[in-house]
Structure formats: C-alpha cells, structure tokens
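# Geometric and topological summary
The lines below spell out each chain.
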Amino acid sequence: MKYACLIYSDENDPTQNPSPDSKEMEPIMAGYFAFGEKHAGSIQGGEALAPTETATCVRVRDDDITTTDGPFAETKEHLGGFYVIEADDLDAAVRIAAEIPHAGLGVIEVRPVLDFG
Amino acid sequence: MAEETGSAAHDTTVLAEVIRGEWSRLVAILVSELGDLSLAEDAAQDATEQALVQWREGIPDRPLGWLVVVARRRATDAIRRAAVGRNKVDLAARMDERDRHDPSSNAPMSSRTDDPHDPFEESLMRDEQLRLIFACCHPALNTDAQIGLTLRAVGGLTTSEIARAFLVPEPTIAQRLVRAKRKIRAAAIPFSIPPDEELLVRTDIVRSILYLIFNEGYDASAGDDHIRASLCEEAIRLARRLAELTPDDPESLGLLSLCLLTHARRDARIDDEGDLVLLADQDRSVWDRAMIDEGQRLLDRAMRLERPGPLQLQAAIASLHDDAASADTTDWRQIELLYRRLSTMRPTPVVALNHAAAVAMVDGPTAGLTMLDDPLLADRLARYPHFHAARGRLLADVGDREQAARAFERALELTSNETERRWLRARLAAITAD
C-alpha cells in the first residue's frame, strides 16, 4: 500500500528549521540522506518544498483564475515536504515515517494514497 | 419477548448468555480468516441470530464450531453478492475451499474449533483474540472509536447497549463504529500483535481503554444512574480476558484486580434514596467479599512477578481500603505512601488530587489544601468537578464555610450527574445552614 508522509514543522523556529547553510542544519541533512538510503526500497518519491512565503494559491471560479500570495493555510506548522512510500500496513508505514528527521522536530502526517488502478 | 412463559424466556436468556460468551472468539476467528472487521462482524451477527432461533431445540456440543461454520457461509455469500473485484473473487474462492473440507477429517482449517482444549488450538485462539483487541485499541483510532470497537467487536455489546451506557444517541455510536471500521480498512490498520519493542506501550493503551470503560460505568459522568453496573461488568469480563491472554504481564493482573476491588463496593455506594454514599460512610457488610478476595489474590500474583506498575499500585490502594473493617481503621499512611509512589510513576493531575486527599487524612486538611492550591494543579483541574468537591470538603473541615460553599458551587456547575449533584447540594445546604 502507498502512503503519503506529509512533513510539517514550524519554518520560523530555527531549532526545527535552521538556516540552510548553518552548522545546525548539517545533522538534519545527514538524517535525510540516511533516511533516503535506508528506505530506498520503500520510497516511491518525495520532495522538499521551498518556504511557504514562496507559495501561491490558485482558484478558478466561473472561469476566472485568481492567484493569491501565500500558502493555503496560515498555520503554525507548515508543509515542508513529503515522501510517498510503499508499506504493507499502517504500522509499517509509521515505523518508516518515524525515521524522517522532522518526526522528532515537528509532525509527520501519514495518509493512504488512493489507488485508482 | 415479555409475553413468553417463564421457562421459554429463561431459555432465551441462557442461550443469549452462551452465545455472548462465544462472541469475541467467533469474531476473532472470522477477522483472521477474512481480514475485514465489518465482514467478520456482520457474519458473526447473522450466525448468532440464527443460533438464537435454532438452538432452542438444543445447544450443539461445539457451539463455537457451529457458529464459525454458519458465519463462514454467510461471509462467502456476502462476498459474492458484493461488487466483484479481484480480491473478493480470491476471497470467495478461499472460503469455498474451506467449506468443502469434510469436518470429520483432520484437515487443520475445519478442525480449528473442534477441540478448544488442544494447546495448539488454544495458542492460536489466544493470538487471534489478542490481534483483535490490539486492532480495536490501535492508537491511530481516537478514544471514542477504540472504546466503541472494543465493546462491540470484543465485548459483543449491541450499538443500542453502547449508546445507552454512554448516554449518546444510537446513530452517533453507529456512525463512530462505521468511521472507525472505515479507517481500519482505508489506512490498513493491521490485525496483529505488535512487535516486542512496541508491545508494552500498545498493551498499556488496551488497558487504559478497558479502565476508561470501567470508570464510565463506575462514575457515570452524566445522567441519573450513578453506577452503570453492566459497563463495569463488561470491563471486568474484558480485563479477565486480557489477563488470561497475557498471564505474565503483572499490569494486566493489576487492572483486573483493581476493577474487582472497586466493583466489590457497588452495593454500598448508593443508598435507598439513590444518593451517593462516600467510602467513609459505606456499610462495609454489603461489600462483595468474594470479589475482594479474588482481587487480592490477583494482586498477590501480580506483585510476585516483581514488576510494579501504576495499575498494581492503584489496586494496592483499593486493597487497603477494602481491608479496613471500618473507615477509621483504614491505613491512610500506607495509602499516602502508595500515592506518593504512583505520582512519580504517573504524574497526572487526578493522581495528585487523590494524593492530596490521602495527605489530608494523614496530616490534616490544611496539608491537603496546600497541595490542592498548587497553581499548576489547580489550573489543570479547573474543569474537573471532583477537584472542587474535594477542596470544598477540606475547606469545610478547616471551618472556611464561605470558600467551601464557593467550591461546591463550582463543582455543581461542572457536573451533570444527578447523583453527584444531589450530594453536592446536600453539602452546600449543610454549609450554609446556620
């Protein structure tokens, strides 16, 4: 079964999201690299996302396209990235998700991917 | 059913009891064969309804085996009738395969339930039931769902019985169960015994759900019946099942012991007017001594395993209360020490509250009040009626009637339980009377 692991953390908290070139970022990057290697067999895809200030929202109503600045939800925790993983059941998916570095700093939402096959 | 003659009605009750006794094993077997809780439950429901009718002529030698065979047939029919997907065709084929086995042969599948005392059978049965319990109490489900599923799938309570016990409309309970089963299916929550490294935490969750069920029956947070005895009894049944399934886990023994030692006092808790009687004022001669003895034997067994835990500690406290011939011979010093230990193991506000009450009994009401006045504690218990009631009693004890009255009023605002409200109003009346 496929699961999406949505990575949420506070991008304004330097403990959770140190600046990219800082020393504090190194262990987190190492963690992601190790995660990618260890679970290569399960990972189907995934990306890190640029900060929410770069986001744009798109709506189409009555054929009119409206774009607005900012992420969809103004929340304390922000979507920072995601993985799509393959796992036998929820427990297996959770065990994998628990090893994503931000599981220890923020929250990982684990949700099944719909299969239209 | 009310119009039946005495003996016929008795038969139905006896039948219903026998069938209820087999329910969780039946569902557990079906879940392990079908991998689907809804399917299993529907099939079990159909089979038990049939049994209620057909067994009037006589209960079969192997009631569980009968139920399993009938339920399997129902499940196969249901699978065929449903929209055909590849998985369902496979499943139906497997079910047919099973049905075709001659029950008199020693083919493993169909002889599964023919000898329930076979040790291999017993350990299979045990695993299946554990898997079901762990799934129903899975942390990915919310508490209401865990409670509802456990009562329905493991306890065999009907939706209507659950609704009445929790004073929640029946459609709400039905919806909760539907959503919970949907989540189990959609997220693929497994029916499995957790691996060793997760077992402790997951079993703790199961126990906390069972204890919540017991407390719901014991305290009744809303409504007129202060004790919903049937919920307590159901929790005890389930706790007993868990203790049988995990005999080397002292906390499971502790849970069963705690429930028995507490439930033993039920006949003394409510007086003839339906009012609440506090522990100190209870007529101890109506306590269930046999239940107390069993509770204490279980506690001894648990303690011999030398792995103390919060449930064992709470059972030990209950045991000390039950030991005392009268309220004034209660060993409060021991109880206070146990609460002190408990508060390091499980530092929750409610434990702190109970600890403060014990401290008051040992060192006087002022000492108890000092503990309750801790701002952090008071803040966390602000919406808990028992906190204000306890403060009220201690304030009355030190002679501060005004503050005591305020505390009882606050408690009244926070509880909708009629029995508790009557008690609080009586305390208020006593305080304000000149």
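Below is a summary of the structure that appears in this document. (Residues numbered from 1 in each chain as written. Chains lettered and ligands numbered in written order. Predicted model: local features only at pLDDT ≥ 70, side-chain atom pairs only at ≥ 80, totals over all residues. Heavy atoms only, no water.)

### A short note on the overall build of chain B
Put simply, the rule is: Numbering goes from the N terminus for both helices and strands, where a helix is a DSSP run of H or I of at least four residues and a strand is a run of E of at least two. Accessible area is worked out with a 1.4 Å probe on protein chains only. A residue is then buried under 20% of its type maximum, exposed over 50%, and partly exposed in between. Contacts between residues were defined by any pair of non-hydrogen atoms, one from each residue, lying within 4.5 Å. Calculation of accessible area relied on Shrake-Rupley with a 1.4 Å probe; when residues are assessed, cover is drawn exclusively from the protein chains displayed.
Scanning chain B from N- to C-terminus turns up 21 helices and two strands. Among the 434 residues that make up chain B, the fraction classed as buried is 48%. Contacts in chain B between residues far apart in sequence, at least 24 positions, make up 62% of those at least 6 positions apart. Of the roughly 21,400 Å² of accessible surface on chain B, a fraction of 51% belongs to carbon and sulfur atoms.

### Focus: the packing of aromatic side chains
Quick reminder of the rule: Each Phe, Tyr or Trp ring (for Trp, its six-membered ring) is paired with any other whose centre lies within 6.5 Å, and the angle between the two planes then decides the class: stacked below 30 degrees, edge-to-face above 60, tilted in between. The rule for a charge over a ring is simple: NZ of Lys or CZ of Arg within 6 Å of the ring centre, and within 35 degrees of the ring normal.
Under the counting rule described, the total for this entry stands at six aromatic pairs over all chains. Residues B:Tyr211 and B:Phe214 carry aromatic rings whose centres are separated by 6.5 Å and whose planes lie at 5° to one another, so their mutual orientation is stacked. One end of the pair, B:Tyr211, and the other, B:Phe214, are both in helix α9 (residues 196-219), three residues apart, so they sit about a helical turn from each other. Here a set of aromatic residues connected by ring pairs shows up, and it is made of A:Tyr32, A:Phe35 and A:Tyr83. Sitting over the face of the ring of B:Tyr218, B:Arg269 holds its NZ or CZ atom 3.6 Å from the ring centroid. Taking NZ or CZ as reference, B:Arg427 lies 4.8 Å from the ring centre of B:Trp423, over its face.

### Regarding the environment of B:Ser32
All names here are of chain B. Spelled out, the test is: Any N or O atom pair separated by 3.5 Å or less is treated as a polar contact, with the protein-specific requirement of one donor-capable and one acceptor-capable atom, and with residues adjacent in sequence counted only for side-chain atom pairs.
Locating Ser32 in the fold gives a position in helix α1 (residues 6-34). Accessibility expressed as a relative area gives 37% for Ser32, which makes it partly exposed. For the pair Ser32 and Arg131, spaced 99 residues apart in sequence, the C-alpha separation works out to 8.4 Å. If we ignore the near neighbours within four places in the chain, the residues touching Ser32 are Glu128 and Arg131. In this structure the side chain of Ser32 is engaged in a polar contact, spanning 3.1 Å, whose partner is the backbone oxygen of Ile29. Reaching out from Ser32, the side chain makes a polar contact with the side chain of Glu128 at a distance of 3.2 Å.

### Some details on the interface of chain B and chain A
Note the threshold: Two parts placed together each lose some accessible area under a 1.4 Å probe, and the buried area is that loss summed for both. Each salt bridge in this description consists of a side-chain nitrogen of Lys or Arg and a carboxyl oxygen of Asp or Glu lying within 4 Å of one another.
Each partner contributes residues to the interface: chain B has 11 residues there, and chain A has seven residues. Of the roughly 650 Å² buried between chain B and chain A on both sides combined, carbon and sulfur atoms contribute 57%. Of all residues in chain B, B:Ala187, B:Ala188 and B:Pro190 bury the most surface against chain A, accounting for 49% of the area lost on that side. Summed over the shared surface of chain B and chain A, the number is two salt bridges. Of the charged contacts in the structure, one is a salt bridge between A:Arg95 and B:Glu198, with a shortest N-O distance of 2.9 Å. In this structure, the connection of chain B to chain A is made through four residue pairs in polar contact (both at pLDDT 80 or more).

### A few points about the pattern of salt bridges
Residue and element names in this part refer to chain B. With the rule as written, the count across this model stands at 26 salt bridges over all chains. With a shortest N-O distance of 3.2 Å, Arg266 and Asp288 are connected by a salt bridge. Of the two residues, Arg266 sits in helix α12 (residues 266-269) while Asp288 sits in the loop between α12 and α13 (289-304), which places them 22 residues apart along the sequence.

### Quick word on α13(B)
All names here are of chain B. Counted only if it meets this: Given the number of residues in a helix, its expected span is that number minus one, multiplied by 1.5 Å. The arc under discussion is defined with respect to the helix axis, by the directions toward the C-beta atoms.
Its 16 residues place the ends of α13 23 Å apart at the C-alpha level, agreeing with the 22 Å of an ideal helix rising 1.5 Å per residue. Within α13, burial applies to Met291, Ile292, Gly295, Gln296, Leu298, Leu299 and Ala302. Along α13, the residues classed as buried sweep out an arc of 160° about the axis, all on the same side. Pointing more than 90 degrees away from the buried face of α13 are the exposed residues Ala290, Arg297 and Arg304. Looking at the buried positions of α13, the neighbouring elements they touch are α11 (250-263), α12 and α14 (310-323). Capping the start of α13 is the job of one residue whose side-chain oxygen sits 3.3 Å from the backbone nitrogen of Ala290: Asp288. Where α13 terminates, the next one or two residues include Glu306, which has phi positive at roughly 50°.

### Points about the sheet that holds strand β2 (residues 43-48) of chain A
Residues and elements named next belong to chain A. Heads up, the condition is: We call two strands paired when DSSP finds no fewer than two bridges between them. Between N-to-C directions, angles cover 0 to 180 degrees, with each direction set by a line fitted to C-alpha atoms, over the stretch in contact for helices.
Spatially, four strands are ordered β2-β5-β1-β6 in an open sheet, and the strand pairing comes out antiparallel. Of all strands in the sheet, those with a lone pairing partner are β2 and β6 (107-112), marking the two edges. Going across the sheet, the axis of each strand differs from the next one's by a mean of 20°, ignoring polarity. Pairing analysis gives six bridges linking strand β1 (residues 2-9) to β6, with the strands arranged antiparallel. Bridging across to β6, Ile7 finds its partner in Ile108. Strands β1, β5 (78-86) and β6 of the sheet are contacted by helix α2 (residues 90-97), whose axis makes an angle of about 150° with β6.

That is the geometry; function is a separate question.
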